[in-house]
Amino acid sequence: MTKTGGGPRPRGAWWREGAVTATAFVLCLLGGVVQVDDTLTAPPAAAYVIAVVSCAVLPLRRRAPLAALAATTASGVLVAPLGLLLSPLIVAPALITAYSYALTARTERRAAGAVLGTSVVLLVASTPLFGGVSWQDASRMGSVAAFPLMAGVLGHSVRNRRAYLAAVEERARRAEESRDGEARRRVAEERVRIARELHDLVAHQITLANAQATVAAHLFDIRPEQTRKSLRELVETTGHALDELRSTVGLLRQSGDTAGPAEPAPGLSRLPALLASFRGAGLEVSVEQEGTARPLAPGVDLTAYRIVQEALTNVTKHAATGTARVHLVWSRDRVTVTVADDGEGAGAVAVHSRPPGYGLIGMRERVTAAGGQLSAGRRPEGGFLVCAELPLPPARSGGAS
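The structure contained in this document is the topic of the report that follows. (Residues numbered from 1 in each chain as written. Predicted model: local features only at pLDDT ≥ 70, side-chain atom pairs only at ≥ 80, totals over all residues. Heavy atoms only, no water.)

**Overview of the overall build of the protein**
Okay, step 1: Helix and strand counts for the protein stand at 11 helices and 7 strands.
Okay, step 2: Here the protein, with 401 residues, has 37% of them falling under the buried criterion.
Okay, step 3: Surface exposure of the protein reaches about 23,200 Å², of which carbon and sulfur atoms provide 61%. (Helix = DSSP H or I, 4+ residues; strand = E, 2+ residues; numbered from the N terminus. Buried < 20%, exposed > 50% of the residue type's maximum accessible area, 1.4 Å probe, protein only. Areas by Shrake-Rupley, 256 points an atom, 1.4 Å probe, with all protein chains shown as cover.)

Printed below as a string of structure tokens:
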């Protein structure tokens, strides 16, 4: 099968080409019926020659529009020398190729207009060169000149319309791809956020439960009362863990906005309760503050709380020590949250020598998202230190600095 434009031509296109060619052939013969003396006769042999030659190139007008236009123009120039009457009917193939050339030309608009103008001049110039020009001849020449120009304008308009529609479709396709990419990016960010929240929640509660269970097992035989206390605290801890997990999963399962009031996100105001939970698990935590505390943005407040929570959780899980220190320093434009321990045992050294886990990764992501900086590593004098610098909102005039 013949290929056009790098692919097979649809079967329906051959029927259209045949219909166009047959119509042009009939119009050419009808143009040959009218003689110069305005009488009607059967089409002479010259009319058949013009029709055959000019229509034979019509199927090539899409692949070679300029060559097809040149061939049909040359056939139209031969109309007057062969004794036929120049009319829009007999130059119908030239009108069709003028439309196709304007529709498919790859040149600039001025160049395409010059080509069409040259074709029109050649068509109408043959009549005065081979005989006198009457008023009837002048009117026919005007119509012959007008029709190719109108065909060219129509072809150019259709071409611009197609280019506009193609540009609109391309913009729509790119916009759809951009929306899909943005949706994928947001889904990925939400997955990371959910994973970070679940890690902070589960790691904290499970670590406390593990520490309380360890204490209960250690004191089971020698201090039964203390064992019962540890078990009660273990029940409370696991109950809080289940409640928070149920709340988190409930939020994830919601398909729309909830009508009920949402529980406020934790912040530094809940730090005493957080430290009490660690003390109940056997970790003594001291707190120091420097400067005047100021209200934090909700995101920064949550980040500061999670930094303390995750750092103390790591101390409970990994450091061979029972003490830790939390230090809050408030300055003019930032708050510095520091959590340090003195874990001198082999367990602390071994654990802190491992590659960073998800806890440190999550802390770094939180601090970076809040516009701050995080540093974490072993201290030269022993133990581990986590330090986060978080931005503060500008202080109001006359307020605390």
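**Considerations on the packing of helix H8 (residues 271–280) against helix H9 (residues 298–318)**
Okay, step 1: Between H8 and H9, the shortest axis-to-axis distance is 11 Å and the interhelical angle comes to 10°. Compared by their axis directions, H8 and H9 come out roughly parallel. Side by side, H8 and H9 meet where Leu271, Leu274, Leu275 and Phe278 of the first sit next to Tyr305, Val308, Gln309, Leu312, Thr313 and Thr316 of the second.
Okay, step 2: Across the contact of H8 with H9, the residue classes tally to 7 nonpolar, 3 polar and no charged. (Axes fitted to C-alpha atoms, helices over the stretch in contact; angles between N-to-C directions. Parallel < 35°, antiparallel > 145°, perpendicular 65-115°, else oblique. Contact = heavy atoms within 4.5 Å. Nonpolar A, V, L, I, M, F, W, Y, C, P; charged D, E, K, R; others polar.)

**Structural notes on the sheet that holds strand E5 (residues 334–341)**
Okay, step 1: A sheet is described by the order of its strands in space; here 5 strands give the open sequence E3-E4-E5-E7-E6, paired in mixed fashion. The open sheet has two free edges, formed respectively by strand E3 (284–290) and strand E6 (373–378), since each of these has just one partner strand. The mean inter-strand angle of the sheet, taken between neighbouring strand axes irrespective of direction, is 10°.
Okay, step 2: Note: strand E4 (residues 323–330) against E5, 7 bridges, orientation antiparallel. The residue bridging Val329 from the neighbouring strand is Thr336, located in E5.
Okay, step 3: Those strands touched by H8 are E3 and E4, and its axis lies near 155° from that of E3. (Pairing = 2+ DSSP bridges.)

**Thoughts on the packing of helix H3 (residues 65–77) against helix H4 (residues 92–104)**
Okay, step 1: At their nearest, the axes of H3 and H4 sit 9 Å apart, and the two run at 160° to each other. Our classification of the angle between H3 and H4 gives roughly antiparallel. For H3 against H4, the interelement crossing comes out left-handed. The segment H3 lies against H4, with Pro65, Leu66, Ala68, Leu69 and Thr72 engaging Pro93, Ala94, Thr97, Ala98, Ser100, Tyr101 and Thr104.
Okay, step 2: Across the contact of H3 with H4, the residue classes tally to 8 nonpolar, 4 polar and no charged. (Left-handed = near helix turned anticlockwise from the far one by under 90°.)

**Here we look at the nonpolar core**
Across soluble globular proteins, nonpolar side chains have a tendency to be buried as a group.
Okay, step 1: Among the nonpolar cores identified, the biggest contains 34 residues, and Val308, Leu312 and Val326 are the most heavily contacted of them.
Okay, step 2: A total of 8 residues in this core trace back to one element, the largest contributor, which is H9.
Okay, step 3: Beyond its immediate stretch of four places on either side in the chain, Val326 contacts Leu275, Val285, Ser286, Val287, Glu288, Val308, Leu312, Thr338 and Val339. (Core = buried A, V, L, I, M, F, W, Y, C linked by side-chain atoms within 4.5 Å.)

**With respect to a nonpolar patch on the surface**
Okay, step 1: A cluster of nonpolar side chains, namely Val26, Leu30 and Leu89, defines an oily patch on the protein surface of about 250 Å² accessible area.
Okay, step 2: Mapping Leu30 onto the fold places it in helix H1 (residues 11–33).
Okay, step 3: You can call Leu30 partly exposed: its relative accessible area is 45%. (Patch = residues over 30% accessible without salt bridge, like charges linked within 9 Å, V, L, I, M, F, W, Y side chains within 5 Å. Salt bridge = Lys/Arg side-chain N within 4 Å of Asp/Glu carboxyl O.)

**A short note on the pattern of salt bridges**
Okay, step 1: The tally for this structure, following the rule as stated, stands at 13 salt bridges.
Okay, step 2: The shortest N-O distance in the salt bridge between Glu176 and Arg179 comes to 2.5 Å. Note that Glu176 and Arg179 are positioned in helix H6 (residues 135–219) at a spacing of 3 residues, about one turn of the helix.
Okay, step 3: Owing to a relative accessible area of 37%, Glu176 belongs among the partly exposed residues under this scheme.
Okay, step 4: A network of salt bridges, in which partner residues are shared, links Glu170, Arg173, Arg174 and Glu177.

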